[in-house]
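# Structure at a glance
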Amino acid sequence: MIQQTLVLIKPDGLKKSLTGNILTRLSETKLEIVAAKIVRVSRQLAEEHYRHMRDKPFFEELIKYIQGELHDRRKVLAMIYWGEDAINKVRVLAGATNPEKADPVSIRGAYGRITTLGVYENVIHTSTNEEEAEREIKLWFNPDEIIVDIYPTKIVTKEKVEIKVWA
Ligand code: UDP
Ligand code: MG
């Protein structure tokens, strides 16, 4: 089945200069990148992205982590990978959530670590299933930032919207 999945290179992945390595590993899947951007993650976006973790004792650390406050890199690289069985293909390459339990040749197994505060710094995020992928993609991207039509869209007329343009 053709699917799409959200992939984030987290701030630890950027800080450790792993972008090239991770993209090379992901290219093994033969999936297509259909959207990509660098995002400065707001507290609101971080909390919404990790809303399923909000009752965890490490939630506050997790929010700081994805916002880049633990790594002095206040950004993530957000991408959408698209193609046959995309969700599972990327999950398998990424490896288990806990980097110590992840297959050592997976991305998380090779590059992740557990901090003394108990946060799994696992360098990459990737959606778990189709429902989560849809929620996450719609959270991180607008339709016109994606070069294929993946979910239904509609046209709305907005009045008096201020946008920044080149001076
Ligand atoms: N996480 C953590 N400790 C845990 C579980 C999760 O630090 O015991 C962090 C980790 O960075 C993980 C993120 O919270 O990637 C989201 O957790 P989830 O269970 O959704 O794992 P994922 O889908 O990222 O494998
Ligand atoms: Mg998850």
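Everything in this summary refers to the structure shown in the same document. Only a predicted model underlies this, so the values are computations on that prediction, with no experimental measurement involved. (Residues numbered from 1 in each chain as written. Chains lettered and ligands numbered in written order. Predicted model: local features only at pLDDT ≥ 70, side-chain atom pairs only at ≥ 80, totals over all residues. Heavy atoms only, no water.)

## Things to note about the overall build of the protein chain
Stated formally: Under the scheme used here, helices are H or I runs from DSSP no shorter than 4 residues and strands are E runs no shorter than 2 residues, and both carry numbers assigned from the N terminus. Each radius of gyration reported is based on C-alpha atoms, and the globular scaling rule is 2.2 Å times the count of residues to the power 0.38. Partly exposed residues are those whose accessible area sits between 20% and 50% of the maximum for their type, while under 20% is buried and over 50% is exposed, using a 1.4 Å probe and protein chains only. Working definition of accessibility: Shrake-Rupley area with a 1.4 Å probe, residue cover restricted to the visible protein chains. Charged-residue counts in this description rest on Lys and Arg as positive and Asp and Glu as negative, His and the chain ends being excluded. Every charge is mapped to an atom, namely NZ of Lys, CZ of Arg, CG of Asp or CD of Glu.
Looking only at helices and strands, one finds seven helices and six strands in the protein chain. Walking the protein chain from its N terminus toward its C terminus, one meets helices and strands in the order β-α-α-β-α-α-β-α-α-β-β-β-α. At 16 Å, the protein chain has a C-alpha radius of gyration in line with the 15 Å of a compact globule built from 167 residues. Each principal axis of the C-alpha distribution contributes one length, and for the protein chain these read about 50 × 35 × 35 Å. Residues classed as buried in the protein chain amount to 43% of the 167 residues present. Just so you have it, the protein chain exposes about 10,200 Å², and 51% of that area is on carbon and sulfur atoms. Separation between the mean location of the 26 positive side-chain charges and that of the 25 negative ones in the protein chain comes to 4 Å.

## Re the pattern of salt bridges
Under the convention used in this document: In what follows, salt bridge is the name for a side-chain nitrogen of Lys or Arg lying within 4 Å of a carboxyl oxygen of Asp or Glu.
Applying the stated criterion across every chain yields a total of ten salt bridges. In this structure, the salt-bridge partner of Glu48 is Arg51, at a minimum N-O distance of 3.2 Å. On the basis of relative accessibility, which here comes to 36%, the residue Arg51 falls in the partly exposed class. Across the pair Arg74 and Asp72 runs a salt bridge whose closest N-O atoms are separated by 3.3 Å.

## So, the site of ligand 1
The line we're drawing: Residue proximity to a molecule or strand is established when one non-hydrogen atom of the residue lies within 4 Å of it. Polar contacts here mean pairs of N or O atoms no more than 3.5 Å apart (in protein, one a potential hydrogen donor and the other a potential acceptor; neighbouring residues in sequence count only if both atoms are side-chain atoms). Under the scheme applied, nonpolar residues are Ala, Val, Leu, Ile, Met, Phe, Trp, Tyr, Cys and Pro; charged residues are Asp, Glu, Lys and Arg; polar residues are all the others, including Gly.
Neighbouring residues of ligand 1: 13 residues in total, closest His52, Arg91, Thr97, Tyr120 and Asn122. Here an oxygen atom of ligand 1 and a side-chain polar atom of Arg91 are 2.9 Å apart. A distance of 2.9 Å separates an oxygen atom of ligand 1 from a polar atom in the side chain of Arg108. About the coverage of ligand 1: the protein hides 85% of its 500 Å² of free accessible area. For the shell around ligand 1, a count of residues per class yields seven nonpolar, three polar and three charged.

## Structural notes on unusual backbone geometry
Although it is not a glycine, Asp85 adopts a positive phi angle of roughly 55°. When you line up the elements, Asp85 lands in the loop between β3 (76–84) and α5 (86–94). Of note in this structure, Val123 is not a glycine but carries a positive phi near 55°. You can see Val123 is positioned in the loop between β5 (120–121) and β6 (124–126).

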